[in-house]
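Descriptive structure summary
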Amino acid sequence: REWKKIEGFDFKEILFEEYNHIAKITINRERYRNAFTPLTTWEMSQAFNYCRECTDVRVVILTGAGDKAFCSGGDMHVKGRGGYVGNDGVPRLNVLDVQMQIRRLPKPVIAMVNGYAIGGGHVLHVMCDLTIASENAIFGQTGPKVGSFDAGFGASYLARMVGQKKAREIWFLCKQYSAKEAEEMGMVNKVVPFDELEDTCVEWAEIMMERSPLALRMIKAGLNAELDGQAGIQELAGDATMLYYTMDEAQEGGKAFLEKRKPDFDKYPQFP
Ligand code: 2NE
């Protein structure tokens, strides 16, 4: 399989590639177990934005370079007061923006977990719609050990997956869990040998691409809406508005305004 670089970006800390309508975002800091800096997350943000806008992209795979780590969370070398400090000297927690982009992307995102998914890296896989892990993958939180925590999606959405007791165990004890244990807990969809990991992710992506994209979009929005309160309803409602705008009934309202006449909505079918 030949992944083709997606042109138009000068990324330093991620790889951004495409194959058969699948975009692959790879955190490319193998030396640091794919820990993210503010630049990494900024670049991921640009890539996810492209994936949202580009109608050619149908599924996104998020992974890490090499065979040791998916992502080991925030880069502890640049963790300062108030956040992770980038080249501009400003502390940021911009990984939270990436989390929201994954959540809001109206297309499936698969976490291809090829090694450690730790700390903020663990939260990233939690955010993805599906997680496929290699047998060597290891999952866990470290926050309370290293002076950090993610009490947002990293806690509440995790608890929806694994239950409250397990989520508290994961955060309070900071133990590491095997891929099999993570699968048994309900936070991993499938565990495969390392050399089958990418094939399996692509195979799952290709199956999803045979399904109705709009149906998948609505299901994702609906699953989000149950948990995301007003913001979740806004996402689902936005999709409903998009669909309404495709209908003659909505077109009639706009046309009537421009033609300075009363709209005639009676001619459109009403469903019980
Ligand atoms: C990931 C883990 C378990 C891997 O262990 P191992 O034994 O396979 O590798 P090693 O030797 O620890 O790491 C290899 C090199 O990568 C660096 C290490 O410092 C080491 O460098 P050298 O000693 O060779 O110079 N490295 C690994 N992770 C790093 C990191 N996160 N930042 C900077 N350098 C890192 C093991 O490495 C590990 O436990 N890593 C730390 C995980 C961690 O605590 N991450 C931060 C959690 S907080 C967070 O991510 C966060 C949040 O809680 C809330 C919001 C946003 C972010």
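Look up: the structure comes first, before these words.
In what follows, the accompanying structure is described. Because the structure is predicted, anything quoted here is derived from the model rather than measured. (Residues numbered from 1 in each chain as written. Predicted model: local features only at pLDDT ≥ 70, side-chain atom pairs only at ≥ 80, totals over all residues. Heavy atoms only, no water.)

**Side note on the sheet that holds strand S4 (residues 59–64)**
In spatial order, the strands read S1-S2-S3-S4-S9-S11-S14; together these seven strands make up an open sheet with mixed pairing. Pairing within the sheet leaves two strands with one partner each, and these edge strands are strand S1 (4–5) and strand S14 (190–192). Where strand S11 (residues 130–134) and S14 come together, three bridges link them in parallel fashion. From the neighbouring strand, Ile-132 faces S14, where its bridge partner is Lys-190. (Pairing = 2+ DSSP bridges. Helix = DSSP H or I, 4+ residues; strand = E, 2+ residues; numbered from the N terminus.)

**Topic: the layout of surface pockets**
Estimates place the volume of the largest pocket at around 610 Å³. Around the largest pocket, the lining is made up of 32 residues, and of these Gly-73, Gly-74, Tyr-84, Gly-120 and Ser-148 lie nearest the centre. Those elements that provide at least two residues to the lining of the largest pocket are strand S6 (79–80), strand S7 (83–85), helix H2 (95–104), helix H3 (120–127) and helix H4 (143–146). At three residues, H2 tops the list of elements feeding residues into the lining of the largest pocket. A class-by-class count of the residues in the lining of the largest pocket yields 13 nonpolar, 15 polar and four charged. (1 Å grid on protein atoms, 1.4 Å probe; cavity = no way out; pocket = protein on both sides within 12 Å on 5 of 7 lines; lining within 4 Å. Points joined across faces, edges and corners; volume = space filled by probe spheres on them. Nonpolar A, V, L, I, M, F, W, Y, C, P; charged D, E, K, R; others polar.)

**Examining a nonpolar patch on the surface**
On the surface, Tyr-244, Tyr-245, Met-247 and Phe-265 cluster together into a nonpolar patch covering about 410 Å² of accessible area. With respect to the secondary-structure elements, Tyr-244 resides in helix H9 (residues 213–245). (Patch = residues over 30% accessible without salt bridge, like charges linked within 9 Å, V, L, I, M, F, W, Y side chains within 5 Å. Areas by Shrake-Rupley, 256 points an atom, 1.4 Å probe, with all protein chains shown as cover. Salt bridge = Lys/Arg side-chain N within 4 Å of Asp/Glu carboxyl O.)

**Focus: the site of the ligand**
Taken together, 23 residues sit near the ligand, with Arg-31, Gly-74, Gly-120, Thr-142 and Ser-148 positioned nearest. Within the side chain of Arg-33, one N or O atom sits 3.0 Å away from an oxygen atom of the ligand. Gly-74 places a polar main-chain atom, nitrogen or oxygen, 2.8 Å from an oxygen atom of the ligand. Across the complex, the protein chains shield 71% of the 1,000 Å² of accessible surface that the ligand would expose by itself. In a pocket analysis with a 2 Å cut-off to the grid points, the ligand is assigned to the largest pocket. In the shell around the ligand, the residues fall into eleven nonpolar, nine polar and three charged. (Near = heavy atom within 4 Å. Polar contact = N/O pair within 3.5 Å; in protein donor to acceptor, adjacent residues only side chain to side chain. Sits in = over half its atoms within 2 Å of the grid points.)

**Notes on the pairing of strand S3 (residues 22–27)**
Burial within S3 is extensive, with six of its six residues counted as buried. The alternating pattern of S3 places Ile-22, Lys-24 and Thr-26 on one face and Ala-23, Ile-25 and Ile-27 on the opposite face, and all of these are buried. Sheet topology places strand S2 (residues 14–19) next to S3; six bridges connect them, and they run antiparallel. Bridging from a neighbouring strand, Leu-15 pairs with Thr-26 of S3. In textbook terms, the turn of a hairpin is the stretch between consecutive antiparallel strands, and for S2 and S3 this stretch comprises two residues, one of which, Asn-20, has a positive phi near 45°. Taken together, S3, helix H1 (residues 38–53) and S4 constitute a β-α-β crossover, and its handedness is right-handed. (Buried < 20%, exposed > 50% of the residue type's maximum accessible area, 1.4 Å probe, protein only. Right-handed = clockwise from strand over helix to strand, strands pointing away.)

**Side note on the packing of aromatic side chains**
The final tally for this structure, using the stated rule, is nine aromatic pairs. Geometrically, the ring pair formed by Phe-16 and Tyr-50 is edge-to-face, given 5.5 Å between the ring centres and 90° between the ring planes. Taken together, the positions of Phe-16 in strand S2 and Tyr-50 in helix H1 put the pair 34 residues apart, joining distant regions of the chain. Residue Tyr-50 is classed as partly exposed on the basis of its relative accessible area, which comes to 29%. (Phe/Tyr/Trp six-rings, centres within 6.5 Å; stacked < 30°, edge-to-face > 60°.)

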